[in-house]
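# Secondary and tertiary structure notes
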Amino acid sequence: MASRRRMLLKVIILGDSGVGKTSLMNQYVNRKFSNQYKATIGADFLTKEVQFEDRLFTLQIWDTAGQERFQSLGVAFYRGADCCVLVYDVNVMKSFDNLNNWREEFLIQASPSDPENFPFVVLGNKIDVDGGNSRVVSEKKAKAWCASKGNIPYFETSAKEGFNVDDAFQCIAKNALKNEPEEEIYLPDTIDVAGGGRQQRSTGCEC
Amino acid sequence: MQEPELHDLSDDADYAASQQQGSASMMRSDSGKHSSSSEHDGAEVVYMKDNVTIHPSMLASERISGRLRLIKQGSSLFMTWIPYKGQNSNARVSDKDRILYTIRPVPMTDVRSIRRHTPALGWQYIIVVLATGLAFPPLYFYNGGVKEFLATIKQHVFIVRSAEDANVFIVNDFQNPLQKTLSSLEIPRALSVGSEPSTSFSVGEASVDENQERMSVDIQNDNINISQYNERQRQKAHDPARDLSIQVLEKFSLVTKFARETTSQLFRDSHSNGYGAIERRSNSLSSIDYPSQKASDDWDKVPDKSPVPQDPLEFDKLSLVWGKPRQSPLGSDEWFTFLDSEGRIMDSEALRKRVFYGGVEQKLRKEVWPFLLGYHDYDSTYAEREYLKAMKKAEFETVKKQWQSISPEQARRFTKFRERKGLIDKDVVRTDRSLSFYDGDDNPNVNLLHDILLTYSFYNFDLGYCQGMSDLLSPILFVLEDESESFWCFVKLMERLGPNFNRDQNGMHSQLFAITKLVELLDSPLHNYFTQRDCLNYFFCFRWVLIQFKREFEFDKTLRLWEVLWTHYPSEHLHLYVCVAILKRYRSKIIGEQMDFDTLLKFINELSGHINLDAVVRDAEALCICAGENGDACIPPGTPPSLPAEDGLLYPQQELDDVL
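What counts, and at which threshold
- Residues numbered from 1 in each chain as written.
- Chains lettered and ligands numbered in written order.
- Predicted model: local features only at pLDDT ≥ 70, side-chain atom pairs only at ≥ 80, totals over all residues.
- Heavy atoms only, no water.
- Pairing = 2+ DSSP bridges.
- Helix = DSSP H or I, 4+ residues; strand = E, 2+ residues; numbered from the N terminus.
- Axes fitted to C-alpha atoms, helices over the stretch in contact; angles between N-to-C directions.
- Contact = heavy atoms within 4.5 Å.
- Core = buried A, V, L, I, M, F, W, Y, C linked by side-chain atoms within 4.5 Å.
- Buried < 20%, exposed > 50% of the residue type's maximum accessible area, 1.4 Å probe, protein only.
- Domains from an automatic or database assignment.
- Salt bridge = Lys/Arg side-chain N within 4 Å of Asp/Glu carboxyl O.

## What to know about the sheet that holds strand β6 (residues 120–125) of chain A
All names here are of chain A. Strand order across the open sheet formed by six strands is β3-β4-β2-β5-β6-β7, with mixed pairing between neighbours. Both edges of this open sheet fall to β3 (43–52) and β7 (154–156), since each of them pairs with a single strand only. Averaged over all neighbouring strand pairs, the angle between strand axes comes to 25°, with direction disregarded. In the sheet, β3 pairs with strand β4 (residues 55–64) via 10 bridges, with the strands oriented antiparallel. Of the residues in β4, the one forming a bridge with Glu 49 is Thr 58. Helix α4 (residues 99–110) rests against β2 (7–15), β5 (83–89) and β6 of the sheet, and its axis sits at about 160° to β5. Contacting β2, β3, β4, β5, β6 and β7, helix α6 (residues 165–179) runs over the sheet at an angle of about 120° to β2.

Printed below as a string of C-alpha cells:
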C-alpha cells in the first residue's frame, strides 16, 4: 500500500526592488503588514500548510532580493521551484516592463525541464496606493502581456490591505501542484525516489 | 653566534633585539652542560639556554623570549622557562601574558615525552608533553641547543627515543618510585624501546657546539625556589592559581593537538590535491558551483540518525582558553594617552589592539572611526585633520551639486538617474527606521542617507548604488552626524567592500570561497557534512558577508563588531573567521538535525538577534590564531576588505551597461 506523504511545493517570488514581494509573502503567511520591512538581502522563505481536497501540502515561499545585480544567486535558490510568482507595482511602469526579464532570467537559472509549460503567476501589487490615482499600468495591459506568455494567471493585489492575496496564493499553490509529477505524491514505503521524478510531467493531476 | 642551524635572522626584529639584550646581560661560558650554580638550596643549573621563545600568536610582535633551564636538586631534575622582563622589543607583550606563559619548575617526573621538531626552514622547537597528556606550547630555540637540551636530560633521567616516532623522546624518571612502578607495568612497550640501541640517540654530538653556546651563571633575579616545590604540591588542591594553570595547560595542549592535526591535514591535502584548489582559484571563483565529487562516496557512511562528529579543535574549550576576555570600551581619557600634543596617534598598533579587545565608547566613536576607516592618517595632526575636513567638505559639495543640478525636465530624459534615485528612495525609508535617529516622517537623517548615497553613486558612477549600501552607511552617519565626513568615511569603507556589490559578485564569491576553505581547515567534519549536503556554495552566509553582519546583531552591537573588524587586528579578514566561529558554534545542531540547504538558510537567517557577539569574536580570534598561515592561504589575494591587487579600472567597462 502506498503511503501518503505531505508534499513540499516550492514557490519563488520575483520582481523589482520595492514592489512588495516580502509584504505579499508576510500578508499571506502571517496576515501582517508592516511599513518597516527592510530590503531583502540574499534570500529567505516562509512556509505555510495548505490543503487541497483531502491532501495537505507545505507551501515554501521564497523571497529574494529585488536588485538585478543579485540575480546570479538565483541558481542556488530557484532550483527545484514548482511555481514562479512575478510581481510588479501597478504604479511603476519600469517594474512592469521588467517582468519579461525576470521571467527569462528565472527560466535560464532554474532551467526547468519543460520551460514552455512552467507555471508562472503574475501579481500587480499596490493597487491601494493613492486610491488608484497614481496607477500607470492598466489591468488590460497587464492581462494582455500575461495572455501573450501562455495565459499566465493574473491577480491585482494589495499586500497592505490584504486584498486578493489569499486568492492569488490559492492559485499559486494549485499551479505549483500541477507542476509536481504524480509519482512524488504517492510514495511506496520502500522505494527511494530521491533522485527520480522531475523529468516526467504530471498527466493525471488537473486541479 | 655562528650556530650552524640558524638561518638568516638578521631581518627579524625580535631576534636582533633579543641578541642585543642577550649580549648586554649575559656572559659567555665555556661549558654548556656543566656550568652550575648552587646558590639555591643545593639547586644546580645543569642546562641553560637563552632566547628560547614561544609564539602565542602568528604576530611576531607577540612572541615571548625567555630562558630555558634544567635544574637539578637532589635527585630530581626540574625544567623551567622564564620570559624576560621589560624586553623592549616585546613591548606589546603584556606582563599578564608573561606570567601566563611562564613555566615554573616542573619536575621531569611530570613529563611524559618531548617531541623535537627540526624543520628545514626556521627554528628548531620542542613540545613538552606532561604525564597528564597536557602540553606546553612549542619552545623555539632561536640559538639552537635542542640536542644539548636532550643530552642533558639524558644524563639525569631515563629517556629513550620512541619506537614509533624518532623525534619523540619518552621520559621516565626512575628516581620516582611511582613512575618506576608505572613504567614496569608497560613491559612490552618498555622492552621494545629499551631494546633499541642507545647509540641511536646521538648524545655524543651534543657537545660539539658547546663552545658557542652562551651560558649565564647569573640566576639571581629569577624567583625560583625549588625547595618550596613539595610544599606547593601539597597546597595545590586548594590553590585557586592552580585552576588557572590547568586552564593554561589545556590551552597549550589544544595548540599542540591542533598543530598535529593541521600538519596531518596538510599532508593529506597535498596528496589528495585539495590544496591545489587554491591555486586554481581564478578559475573556480568564476563558477559559483563547487562540485562535490565526494558526496556520493560519503553518503552511505552517514547513518540515519546522525551522531555529530567531534570537533577537531574541541572548540568549546578552545574558545574558553584562547580568546582573551573582552575589555571595557576605550574612553576619552585613555584615548588622549594615545595622542601626542599635536594630535598624532603615537602607536597605531597599540590603539588598534586596544579597540579590538574593547571597542570604543559611543561618544568617542566619532573621533576614532575615521582612523579605523583610513579616512584620517594615524600620524596626522589636529590641524591637518581640520584642514582635510574643510577641503573634503568642499569636494563633497561639488559632487553633490552634480545631481542636485539635474532639473526635473532633465531627469525625465535621464532614465538611469531616475532609476538609481528610485532605488535609493525606496531603500532609505526602510533602513533602520526603528532607531529614533531615523524614525518618523520626514526625518532629516533619512534625507541625509539619501543625499549621501546618491552623491556616492555619482562619485563612483561605475559602482553606483546597490542594495546593502544603505545598511553600511546608516551606522556611519549615526556615529559621525556630519554629512560630508560620513560621506568620506563611507567612501573609504566602500574602497574595501565595493567588490561585494560588483555585478559579477566576485567580491562575494571570493569571500564565500575563503569561508569554504577555512571550514575545511578548521572543522573538516563540518566541511564534509556541507559537502554531502551540497551546501558548499555557502550562500547561507551571503547576508553576513555582504553587509558585515549588519542584520545579525542589534544596532549597537553592530557598531561594536564593525570597529573591532576595522582594526584589522589580528587579521583584516577576521570577519571570515567570525563566519566560521558562528557555524562552529552551531555545528552540532546543524549536523545533528541533518539540515539541508533550505533548512540551514532558514536557521541562519533566524539566528539574527540571537548571536552572542563577544563569544563569537573571541572564538574568531582563537580560530584566526590557530589557523595562522594555513588560514591566510585559504583567503585569495584581493579578497575584501583587502584592496584590489592591481590598479586600474575597478569595474570593467563591459559591465557598465548592466550596472544601472
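Having seen the structure, we can now continue with the description.
## Topic: the nonpolar core
Residues A:Phe106, B:Phe530, B:Phe540 and B:Leu583 are the most contacted members of the largest nonpolar core, which totals 148 residues. In terms of residue count, the dominant contributor to this core is helix α25 (residues 574–585) of chain B (nine residues). Mapping this core onto the domain boundaries places at least three of its residues in each of domain 2 (275–327 + 504–632) and domain 3 (381–501) of chain B. Not counting the four nearest positions on each side in its chain, B:Phe540 is found in contact with B:Phe530, B:Cys535, B:Leu583, B:Phe597, B:Leu600, B:Leu601 and B:Ile604.

## A word on the pattern of salt bridges
All names here are of chain B. Tallied over the entire structure, the rule returns 35 salt bridges over all chains. For the salt bridge of Arg 354 with Glu 334, the shortest nitrogen-to-oxygen distance reads 2.7 Å. Here Arg 354, found in helix α13 (residues 348–358), pairs with Glu 334, found in helix α12 (residues 332–337); they are 20 residues apart in sequence, far enough to count as distant. Residue classification places Arg 354 among the buried residues on the basis of a relative accessible area of 11%. Taking the shortest distance from any N to any O, the salt bridge between Arg 543 and Glu 552 comes out at 2.8 Å. With respect to class, Arg 543 is no different from Glu 552; both count as buried.

## Description of unusual backbone geometry
Residue B:Tyr569 is joined to B:Pro570 through a cis peptide bond whose omega torsion reads 5°. Its place among the elements puts B:Pro570 in the loop between α24 (555–566) and α25. For A:Lys126, which is not a glycine, the phi torsion comes out positive at approximately 65°. You can see A:Lys126 is positioned in the loop between β6 and α5 (139–148). Residue A:Lys126 is classed as partly exposed on the basis of its relative accessible area, which comes to 25%. In this structure, B:Asp534 takes a positive phi of about 60° despite not being glycine. For B:Asp534, the location among the structural elements is in the loop between α22 (524–532) and α23 (542–546).

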